[in-house]
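Survey of secondary and tertiary structure
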Amino acid sequence: MTTSDAKVPKTLLMVWLASVVGMLATVAFLVNYTALSLGVFSTVGMTLTGLSIGGWVVMLVADLVRRRVL
Amino acid sequence: MRHADVRSRHERCVGREYAMPPVDHTDTWGEQTIHLRVVARCLICVVYSVVLDAQAAQALGLDRHAIPLEDEGLQWIRNAALVAAIAAIGLSTWAVLIRRRLDAVSKWILFVALVLLPGSGSLGAFVVMMEQSKETAACGACHVMDPFVEDLADPESETLAAAHFQNRWIPTQQCWSCHSDYGLAGVVRGKLQGVGHLWHAASGTYTLPIRKNGPYEWSICLSCHQGAKKYEAIEEHEGIADDPMAEDAACIDCHEPVHPAPETRAAP
């Protein structure tokens, strides 16, 4: 089994996708400050970034609970 | 202990070839997968809709021209946030799609890529957004506000707003200065109203001519004018400051027109 064959959890992929979309909205806003990019960043970007950070923290805590660390 | 070290020690002890069992990189987080082509298609859609926004902006009635960022401190924050955001995209993509491990080191990498970098990038962008949205150019980013913004610089205009703008009685952030209450609550309320205005402009859920929602709080006028020699010399101003929230009178009842008359505000 090689590294490329390793499976990535669906939850992690969702967290990553939300983070990337949120960061793309952030980059678009910072590069080109327009009304549309501001609107997209303040709604979609910040929401998805918050969800991805929260999702990662939940995954981490759930993993620690499963390992009986917490 | 590393996988190779275990294998080497075992081979020395047993003296024969030993096939190590495959390493489960999924750790304890499950084994569900999602097809990467779906992810790639989603990314293409996002890049198309977010980055290539010129046509979308035109369709929504928003000005696609960038609002200049002149403050040097904000420029530094913008650049730092930009680096953090790009690094977050690159590092998280590498860790999730290329490295594809979930060992202890990977979890630290993902913590940086999915929490620290996006958090700092978003925070920096949030600060830039909060400050830049106070600029008059930001208010004029919606075409429906064109009559108001154009009136500010019109040398023929006799409105109160144009007088304040052209005489530099308010040197910067003229719209924000007169349309936001002072203090933290006023800032938060002003920003939330701004998001609401943006939504109404983008969704087309507004009525023409544009009017201010609710009465104008004349305490905003008094925050600059009260105590000024010219203001105090006028007899009608006496006692106004004692009841600044009175509803039966306001500064703009006497000092008008404030903005272009509703019937002269052209439709976008």
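As a starting point, this report considers the structure included with it. (Residues numbered from 1 in each chain as written. Chains lettered and ligands numbered in written order. Predicted model: local features only at pLDDT ≥ 70, side-chain atom pairs only at ≥ 80, totals over all residues. Heavy atoms only, no water.)

**A few points about the nonpolar core**
- Counting residues in each nonpolar core, the largest one holds 47 residues, and the members touching the most others are L12, F29 and W56 of chain A together with V96 and L110 of chain B.
- Of all the secondary structure elements, the ones that give two or more residues to this core are α1 (10-31) and α2 (35-66) of chain A together with α4 (72-99), α5 (104-132) and α10 (184-203) of chain B.
- No other element matches the 12 residues that α1 of chain A contributes to this core.
- Once residues lying within four places of it in the same chain are set aside, the contact partners of L110 of chain B are L12 and W56 of chain A together with A95, V96, L102 and V115 of chain B.
- Of all hydrophobic cores here, the second largest spans five residues; its members include Y216, W218, C221 and C251 of chain B. (Core = buried A, V, L, I, M, F, W, Y, C linked by side-chain atoms within 4.5 Å. Buried < 20%, exposed > 50% of the residue type's maximum accessible area, 1.4 Å probe, protein only. Helix = DSSP H or I, 4+ residues; strand = E, 2+ residues; numbered from the N terminus. Contact = heavy atoms within 4.5 Å.)

**What to know about the packing of aromatic side chains**
- In this structure the tally under the stated criterion is three aromatic pairs over all chains.
- Ring plane angle 45° and centroid distance 4.9 Å describe the contact between F29 of chain A and Y33 of chain A, whose orientation is recorded as tilted. Comparing F29 of chain A with Y33 of chain A shows no difference in burial state: the two are buried.
- Taken together, a centroid distance of 6.0 Å and an interplanar angle of 85° make the contact between W108 of chain B and F111 of chain B edge-to-face. Of the two residues, W108 of chain B and F111 of chain B both sit in helix α5, three residues apart, roughly one turn of that helix.
- We classify W108 of chain B as exposed; its relative accessible area is 62%.
- Classification of F111 of chain B by relative accessible area gives partly exposed; the value is 27%.
- The rings of F29, Y33 and F41 of chain A are connected pair by pair, giving a single aromatic cluster. (Phe/Tyr/Trp six-rings, centres within 6.5 Å; stacked < 30°, edge-to-face > 60°.)

**Here's the deal with the packing of α4 of chain B against α5 of chain B**
Residue and element names in this part refer to chain B.
- α5 packs onto α4 with a crossing angle of 150° between their chain directions and a minimal axis gap of 8 Å. The angle between α4 and α5 falls in the class roughly antiparallel. When you trace α4 past α5, the crossing you get is left-handed.
- Taken together, the residues of the contact of α4 with α5 sort by class into 21 nonpolar, six polar and three charged. (Axes fitted to C-alpha atoms, helices over the stretch in contact; angles between N-to-C directions. Parallel < 35°, antiparallel > 145°, perpendicular 65-115°, else oblique. Left-handed = near helix turned anticlockwise from the far one by under 90°. Nonpolar A, V, L, I, M, F, W, Y, C, P; charged D, E, K, R; others polar.)

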